[in-house]
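# What the coordinates show
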Amino acid sequence: MEKSCTLDIGGKQMIFSTGKIARLANSVLVKFGGNGVLITAVMSQNSSGNTDFFPLVVDVEERMYAAGKIPGGFFKREGRASDKAILNSRLTDRGLRPLFDKNIRNEVQLIGTVISFDQINPYDISVINGASMALYISDIPFEEPVGAVRIGKVGENWIINPDYSEIEESIIDIVVAGTEDAILMVEAGGKEVSEEVTVEAIEKAHIEIKKIVYFQKEFRKIVGKEKRKTVNFELNKDIEKKVRELTEARIQEVLDDIVKYSADDDKKSLLDNTARGYFQDRMLIIKEEIGKKLETEFPEDSESIDISFKDLERELVRKLILKEGIRPDGRKPDEIREINCEVGLFPETTHGIGLFTRGKTQAITILALGSIREAQKIDSLGKEEFKRYIHHYNFPPFSTGETWPLRGPKRREIGHGALAEKALRPMIPDEDKFPYVLRLVSEILESNGSTSMASVCGSTLALMDAGVPILNPVSGIAMGLIKGEDDKYIVLKDIQGLEDFYGDMDFKVAGTKNGITALQMDMKVKGINIDIIKKTLEKAKEGRLYILDKMLEVIPQPRESLASCAPKITTFKVPKEKIGEIIGPGGKNIKSIKEEFDLEEIDISDYNGEGLVSITSSNEVNMEMARKKIEGMLKGIEDIKIGDEFSGTVVGITSYGAFINLFPGVDGLLHISKVSNKRINDVNDYLKIGDKISVRVGNIDSRTKKIGLERTDI
């Protein structure tokens, strides 16, 4: 029997129902505005096999029928998940995973199927809240519900779950997920917003989250199922004890050495002068020696050996940081690794390039510029759109010194690329000021912590190297957290991989000198309070500005001109209904203009509902003259006014002047007195049939409508 309930959030209703459809799964149908999302949660009966982690899978499936569309392409059906669906899968996963028992070995699969999409409201909040509800009322062990809300701010007004038009106007777009007591996940983009505004947004979001959590608890009382028993990994206590006996003293000795070396300028370099660093090199040796001994004694339980070693290492590393204020590479909590920046590595072939190195993390970003016709058309549930700023992120196996098959971008790569894109998007100049499509590709060359923020920094360097007039340069930093007992905690600047793995938080912040442009927070524990978030943002700002200063030492501002190998492009809009007229029968007009002005490319297309002309040429003078020619074609003789400028062609010469064709069917007279800035006797000495010249309308005879011209290029 169907049961439903309605939640009012920010004046909008979100309706949850269960028991009517997808009844073999734990299912919830979420309706919000005109959106409908079906969430199903299923857990396998048995363990998924030799998995040494909790196997949670979250998928979001977009169906084009949800927006009344038919997919493009030959097969006319949905293919691989869109980037948007992948990002929403990750968004949901990040808010739920910390609340599961990590020892569960039954596979849990969550699928969010978008059945209806109104193109007005984002559906991601419905997926997160629906997933939590489906799990909480199900037979799957998930004991604490999660609420999620989006917050925007337009002017002085805060908006709960804004629609797309409100998001466009908002200075901040932030999604927050959490429990009744803590924040679990934050994903945000901003237009250089302050830390204070960001904190206020999170606080307002948590008020709404508490309402959503309470609502789920009440609904569970009505429809909740008894929780099933799961197959859990059980640590072999004998192995745990043996690992501690054999390795604790040896690991502690290494950590003691780190404390001593970090205080000695002569020995400090020993901590970081190898590929992995002193601590990890020593850990590999210890683990290999102890592992061989234990594998002969416990041949059937390699998982307990591995987990016991990691748990002990985690415990001792965290104790080192909390008690000594020293990190595994010898840094103090506030220290940032050495930073090196380079630009202009291949000026002959690349339009812009930035190499950013921070410790053992390195990213190189290459920028390619193209014409507007190369904008990416997004085939999605939403309204047709074209994307002119694109950021891609690649994470090859050699960046970690490992091997694995190259099979295209994984979810993590799509997520990191999207975060870097979000960080830089507000700083990209508008199309009318910079008429190019921009594709940035960040190649991760070395990875030891926060490659996404390295790609942000490398991308800023590449944009400035190319001469793109970005509004402000952007830098980024990843922050970490170690929580101890009695509410003691330490915030870490610029975390490396080990601190991410053994820490409690990965908090990435990107922005300019003026404010935050992107933020992403993930938790390894069951949430943090607002005070920790405030302190983290304060520390992140310090670190972000420090890194930015290092970048600006190399290139303080965008170059004054584009790279010599970059295409020279001008674009302008024309009425959509005039496209055919400009092109001419069989492309006659466009071909003629291309030949007349020796252009490399001229393209006219329907772009975002408007006509868009894009001209590419190495000769900027010819490019501008072609533009004037096309703009002139849009005018009838009745539209011509005194002062209008044209790029014209000499079509006739007489003793009293030259006739100049302004656009098809309309000529004007350039009187002999206007041909040169000095007295002349013969027009033929200065002009020939077919010459291209720039002219301005000087007068129009009120009776005959004849046009008198004057030159603008002398």
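Only a predicted model underlies this, so the values are computations on that prediction, with no experimental measurement involved.

Reading the values: the criteria
Residues numbered from 1 in each chain as written. Predicted model: local features only at pLDDT ≥ 70, side-chain atom pairs only at ≥ 80, totals over all residues. Heavy atoms only, no water. Pairing = 2+ DSSP bridges. Helix = DSSP H or I, 4+ residues; strand = E, 2+ residues; numbered from the N terminus. Axes fitted to C-alpha atoms, helices over the stretch in contact; angles between N-to-C directions. Buried < 20%, exposed > 50% of the residue type's maximum accessible area, 1.4 Å probe, protein only. Right-handed = clockwise from strand over helix to strand, strands pointing away. Contact = heavy atoms within 4.5 Å. Polar contact = N/O pair within 3.5 Å; in protein donor to acceptor, adjacent residues only side chain to side chain. Phe/Tyr/Trp six-rings, centres within 6.5 Å; stacked < 30°, edge-to-face > 60°. Lys NZ or Arg CZ within 6 Å of the ring centre and 35° of its normal. Patch = residues over 30% accessible without salt bridge, like charges linked within 9 Å, V, L, I, M, F, W, Y side chains within 5 Å. Areas by Shrake-Rupley, 256 points an atom, 1.4 Å probe, with all protein chains shown as cover. Salt bridge = Lys/Arg side-chain N within 4 Å of Asp/Glu carboxyl O. Parallel < 35°, antiparallel > 145°, perpendicular 65-115°, else oblique. Nonpolar A, V, L, I, M, F, W, Y, C, P; charged D, E, K, R; others polar.

## Some thoughts on the sheet that holds strand β7 (residues 147-154)
- The strand order β8-β7-β9-β10-β21-β20-β18-β19 describes an open sheet built from 8 strands, whose pairing is antiparallel. This sheet does not close on itself; its edge strands, each paired only once, are β8 (157-160) and β19 (489-493). On average, each strand axis in the sheet is inclined to that of its neighbour by 15°, with strand direction left out of account.
- Summarising the sheet, strand β18 (residues 475-483) and strand β20 (residues 505-511) pair through 6 bridges and their orientation is antiparallel. Looking at β20, one finds that M479 is bridged to F507.

## What to know about the pairing of strand β5 (residues 56-62)
- In terms of burial, β5 is a largely internal element, 5 of the 7 residues being buried.
- Note: β5 against strand β6 (residues 106-116), 7 bridges, orientation parallel. Paired with D59 across the bridge in β6 is I111.
- For the segment spanning β5, helix α1 (residues 83-96) and β6, crossover handedness is left-handed.

## Quick word on the environment of R97
- Note on placement: R97 falls in the loop between α1 and β6.
- The class of R97 is partly exposed, set by a relative accessible area of 33%.
- In this structure the C-alpha to C-alpha distance between R97 and D522, which are 425 residues apart in sequence, comes to 10.0 Å.
- Setting aside its immediate chain neighbours within four residues, R97 contacts F54 and L56.
- Within the local environment of R97, its side chain forms a polar contact with the backbone oxygen of L56, the two atoms lying 3.1 Å apart.

## Topic: the side chain of K508
- By secondary structure assignment, the location of K508 is in strand β20.
- K508 gets classed as buried once you look at its relative accessible area, which sits at 5%.
- Among the polar contacts made by the side chain of K508, one reaches the side chain of D506 at a distance of 2.7 Å.
- Those residues within four positions of K508 in sequence are excluded, and the remaining contacts are H416, L419, S452, M453, I477, A478, A518, L519 and Q520.

## Thoughts on the side chain of N622
- Take N622: it is sitting in helix α14 (residues 620-633).
- Dropping the residues within four chain positions of it, N622 is found in contact with F597, D598 and L599.

## Examining the sheet that holds strand β28 (residues 692-700)
- Strand order around the closed barrel formed by 5 strands is β25-β26-β27-β29-β28, with mixed pairing between neighbours. On average, each strand axis in the sheet is inclined to that of its neighbour by 55°, with strand direction left out of account.
- Set on the sheet, α14 makes contact with β25 (645-654), β26 (657-663) and β28; between it and β25 the angle comes to about 85°.

## Here we look at the packing of aromatic side chains
- For the structure on display, the rule yields 11 aromatic pairs.
- Measuring from centroid to centroid gives 5.5 Å for F16 and F215, while their planes differ by 45°, and the two rings are tilted. You can see F16 sitting in strand β2 (residues 12-18) and its partner F215 sitting in helix α4 (residues 195-223), a full 199 residues away along the chain.
- For F16, a relative accessible area of 1% corresponds to the buried category.
- The buried category is assigned to F215, whose relative accessible area is 12%.
- One aromatic cluster is present, built from ring pairs that chain together F54, F100 and F142.
- The ring of Y136 has R220 lying over it, and the distance from NZ or CZ to the ring centre is 4.5 Å.
- Positioned above the aromatic ring of F395, the side-chain terminus of R412 is 4.3 Å from the ring centre.

## A closer look at a nonpolar patch on the surface
- A cluster of nonpolar side chains, namely V651, Y656 and F659, defines an oily patch on the protein surface of about 260 Å² accessible area.
- As for its position among the elements, Y656 is in the loop between β25 and β26.
- The partly exposed category is assigned to Y656, whose relative accessible area is 41%.

## Topic: the pattern of salt bridges
- Across all of its chains, the model carries 47 salt bridges by this definition.
- Two residues, D272 and K360, come together in a salt bridge whose shortest N-O distance is 2.8 Å. Of the two residues, D272 sits in the loop between α5 (237-262) and α6 (278-297) while K360 sits in the loop between β12 (352-358) and β13 (361-370), which places them 88 residues apart along the sequence.
- When the shortest N-O distance is used, the salt bridge between K310 and D306 registers 3.2 Å. Within this pair, K310 and its partner D306 are both found in helix α7 (residues 302-324), separated by 4 residues, close to a single helical turn.
- Each member of the salt-bridge network shares a partner with another, and the members are R327, D329, R331, R337, R358, D494 and E499.

## A look at the packing of α1 against helix α8 (residues 411-424)
- Contact pair α1 / α8: the axes reach a minimum separation of 10 Å and the direction vectors enclose 95°. Classified by the interaxial angle, the pair formed by α1 and α8 is roughly perpendicular. Contact with α1, carried on its side by D83, I86, L87, S89 and R90, involves R411, R412, I414, G415, H416 and A418 of α8 and no other residues of that element.
- In the contact of α1 with α8, the residues fall into 4 nonpolar, 3 polar and 4 charged.

## Here we look at unusual backbone geometry
- Not every positive phi belongs to a glycine, and D494 is a case in point at roughly 55°.
- Tracing the backbone shows D494 in the loop between β19 and α10 (497-502).
- Located in the positive-phi region is K705, a residue other than glycine, with phi close to 65°.
- With respect to the helices, strands and loops of the structure, K705 is situated in the loop between β28 and β29 (707-711).
- A residue is classified by how much of its surface remains accessible, and K705, at 49% relative accessible area, is partly exposed.

## What to know about the environment of I672
- For I672, the position within the fold is in helix α15 (residues 672-675).
- Counting along the chain gives 99 residues from I672 to K573, while the straight-line C-alpha distance between them is 35 Å.
- The residues touching I672, leaving out its near neighbours within four places in the chain, are S655, Y656, G657, I680, N681 and V683.

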